[in-house]
Amino acid sequence: MLDIDLLENGVATVTLNRPDVHNAFNAELIAALTHAFADLGKRADVRAIVLAGSGKSFSAGADLNWMQAAANYDYEQNLDDAMRLSEMLDTLYECPKPVAAIAHGAVMGGGTGLLSCADFVVAVEGTRFAFSEVKLGLTPATISPFVVAAIGARQARRLFTSGERFDAALAQRIGLVHEVAADMEAAQKAVEAWVSHCLDAAPGAMADAKALVSFVASKEINDELREETAERIAYRRASDEGKEGLAAFLEKRSPSWKGDA
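The rules behind these values
Residues numbered from 1 in each chain as written. Predicted model: local features only at pLDDT ≥ 70, side-chain atom pairs only at ≥ 80, totals over all residues. Heavy atoms only, no water. Pairing = 2+ DSSP bridges. Helix = DSSP H or I, 4+ residues; strand = E, 2+ residues; numbered from the N terminus. Axes fitted to C-alpha atoms, helices over the stretch in contact; angles between N-to-C directions. Salt bridge = Lys/Arg side-chain N within 4 Å of Asp/Glu carboxyl O. Buried < 20%, exposed > 50% of the residue type's maximum accessible area, 1.4 Å probe, protein only. Phe/Tyr/Trp six-rings, centres within 6.5 Å; stacked < 30°, edge-to-face > 60°. Core = buried A, V, L, I, M, F, W, Y, C linked by side-chain atoms within 4.5 Å. Contact = heavy atoms within 4.5 Å.

**Points about the sheet that holds strand β1 (residues 2-6)**
Moving on, step 1. Across the sheet, which stays open at both edges, the 6 strands sit in the order β1-β2-β3-β4-β6-β9 with mixed pairing between neighbours. Strands with a single pairing partner mark the edges of an open sheet, and in this sheet they are β1 and β9 (179-181). Each adjacent strand pair in this sheet contributes to an overall mean axis angle of 20°, direction not counted.
Moving on, step 2. Sheet analysis places β1 next to strand β2 (residues 11-16), joined by 5 bridges and oriented antiparallel. Looking at β2, one finds that Leu 2 is bridged to Leu 16.

Written out as structure tokens, the structure is:
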């Protein structure tokens, strides 16, 4: 259902492994993803995470059997079910480690939510995307906070409302993915290049940088925000990592968090 591999350089690969159903979500996969990202986010030996899918697709959204079961749920059961999905997405979104994702095949519904929570996304040419919930009389409500943060309200209104399928080129233009690669090999190389930059960065600083973006994105520029961001950089400068990074720069050596230090 979920394969996790950790390389010697601290890069963990999390692979959705339900290829027979195009890695569609069910309660078990959601629970496994929640646990995996919560655990990997806390581990000192993990420097970066790559999320991928086995088989023909990254993730085709909700599993049919899961949807059939939900059709018989009452409101409270549906609410509990939706909150578990939301918790999984939030665990990925708030993960302090840098997260890259490789999209291929079909990426529908909740699969697009996963991409929206990653920090860097590469899509293979030919990947098909959709927020298809309206075709079923539903809305992409649970994934919407993460998707709207990724693509903006204007694009979300178009795609949420129509449920239309779109290609990797449009996904890149609206910000759902960062790069489009010719094939899976090229996509993996693009992810490796981005991860290599992350491995050069201080782990604590990266975690703070991710938190900084989430904080600033929801604020207006005012005295309170300027003071808060000043406090955050003051904290970083006074931290062990900040002192080590500056010392390494001035002494023309690698900082302690780099493997070649």
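**Digging into the pattern of salt bridges**
Moving on, step 1. Here the structure, examined in full by the defined rule, presents 15 salt bridges.
Moving on, step 2. Put simply, Arg 236 and Asp 208 hold a salt bridge, and the shortest N to O gap is 2.9 Å. Here the residue Arg 236 occupies a position in helix α10 (residues 223-238), and Asp 208 occupies one in helix α9 (residues 203-217), the gap between them amounting to 28 residues.
Moving on, step 3. Its relative accessible area of 17% is what places Arg 236 among the buried residues.

**Here we look at the packing of aromatic side chains**
Moving on, step 1. As enumerated under the stated definition, the model contains 5 aromatic pairs in all.
Moving on, step 2. Note on Phe 120 and Trp 194: the rings are 5.1 Å apart at their centroids and 15° apart in plane angle, and the pair reads as stacked. Placement of the pair is Phe 120 in strand β6 (residues 120-124) and Trp 194 in helix α8 (residues 184-199), with a sequence separation of 74 residues.
Moving on, step 3. With a relative accessible area of 7%, Phe 120 lands in the buried category.
Moving on, step 4. Judged by relative accessible area, which is 21%, Trp 194 ranks as partly exposed.
Moving on, step 5. When the centroid spacing of 5.0 Å and the interplanar angle of 65° are considered together, the rings of Phe 131 and Phe 160 count as edge-to-face. Here Phe 131, found in the loop between β7 (128-130) and α5 (144-151), pairs with Phe 160, found in helix α6 (residues 153-162); they are 29 residues apart in sequence, far enough to count as distant.

**Description of the nonpolar core**
Moving on, step 1. In terms of nonpolar packing, the biggest core is built from 47 residues, with Leu 33, Leu 51, Leu 114 and Phe 129 touching the most fellow members.
Moving on, step 2. The residues touching Leu 51, leaving out its near neighbours within four places in the chain, are Val 14, Leu 16, Leu 33, Phe 37, Phe 58, Leu 92, Ala 100, Ala 101, Ile 102 and Leu 114.
Moving on, step 3. With 14 residues, the next largest nonpolar core counts Val 50, Phe 120, Ala 187 and Leu 199 among its residues.

**A look at the side chain of Ser 57**
Moving on, step 1. With respect to the secondary-structure elements, Ser 57 resides in the loop between β3 (48-53) and α2 (64-70).
Moving on, step 2. Leaving out residues up to four positions away in the same chain, Ser 57 has contacts with His 22, Asn 23, His 104, Gly 105 and Ala 106.

**Brief notes about the environment of Ala 217**
Moving on, step 1. By secondary structure assignment, the location of Ala 217 is in helix α9.
Moving on, step 2. According to the relative accessible area criterion, Ala 217 is exposed, its value standing at 66%.
Moving on, step 3. Sequence separation between Ala 217 and Asn 65 is 152 residues, and the spatial gap between their C-alpha atoms is 37 Å.

**Remarks on unusual backbone geometry**
Moving on, step 1. In the Ramachandran plot, His 22 falls in the positive-phi region, its phi being about 55° despite a non-glycine side chain.
Moving on, step 2. If you trace the backbone, His 22 turns up in the loop between β2 and α1 (27-42).

**Here we look at the side chain of Ser 59**
Moving on, step 1. Inspection of the secondary structure puts Ser 59 in the loop between β3 and α2.
Moving on, step 2. Other than its neighbours up to four places away in sequence, Ser 59 contacts Leu 16, His 22, Asn 23, Ala 24, Phe 25, Ala 106, Val 107, Met 108 and Gly 111.

**So, helix α4 (residues 110-117)**
Moving on, step 1. Most of α4 sits inside the fold, with 8 of its 8 residues counted as buried.
Moving on, step 2. Within α4 the residues assigned to the buried category are Gly 110, Gly 111, Thr 112, Gly 113, Leu 114, Leu 115, Ser 116 and Cys 117.

**Quick notes on the sheet that holds β7**
Moving on, step 1. Taken in spatial order, the 3 strands make up an open sheet running β5-β7-β8, and their pairing is mixed. For this open sheet the edge positions go to β5 (106-108) and β8 (165-167), each flanked by a neighbour on one side alone. Along the sheet, successive strands turn relative to each other by an average axial angle of 25°, direction set aside.
Moving on, step 2. Packing against the sheet, α4 makes contact with β5 and β7, and its axis sits at approximately 90° to β5.

**Remarks on the pairing of strand β4 (residues 99-103)**
Put simply, side chains in a regular strand alternate between the two faces of the sheet.
Moving on, step 1. In terms of residue burial, β4 counts as a mostly covered element, since 5 of its 5 residues are buried.
Moving on, step 2. What you see with β4 is no split at all: Val 99, Ala 101 and Ala 103 on one side and Ala 100 and Ile 102 on the other are buried throughout.
Moving on, step 3. Examined bridge by bridge, β3 and β4 share 3 bridges and lie parallel to one another. Each residue of the ladder has a partner; that of Ile 49, found in β4, is Val 99.
Moving on, step 4. Judged from the 4 bridges that link them, β4 and β6 form a sheet pairing that is parallel. Each residue of the ladder has a partner; that of Ala 101, found in β6, is Val 121.

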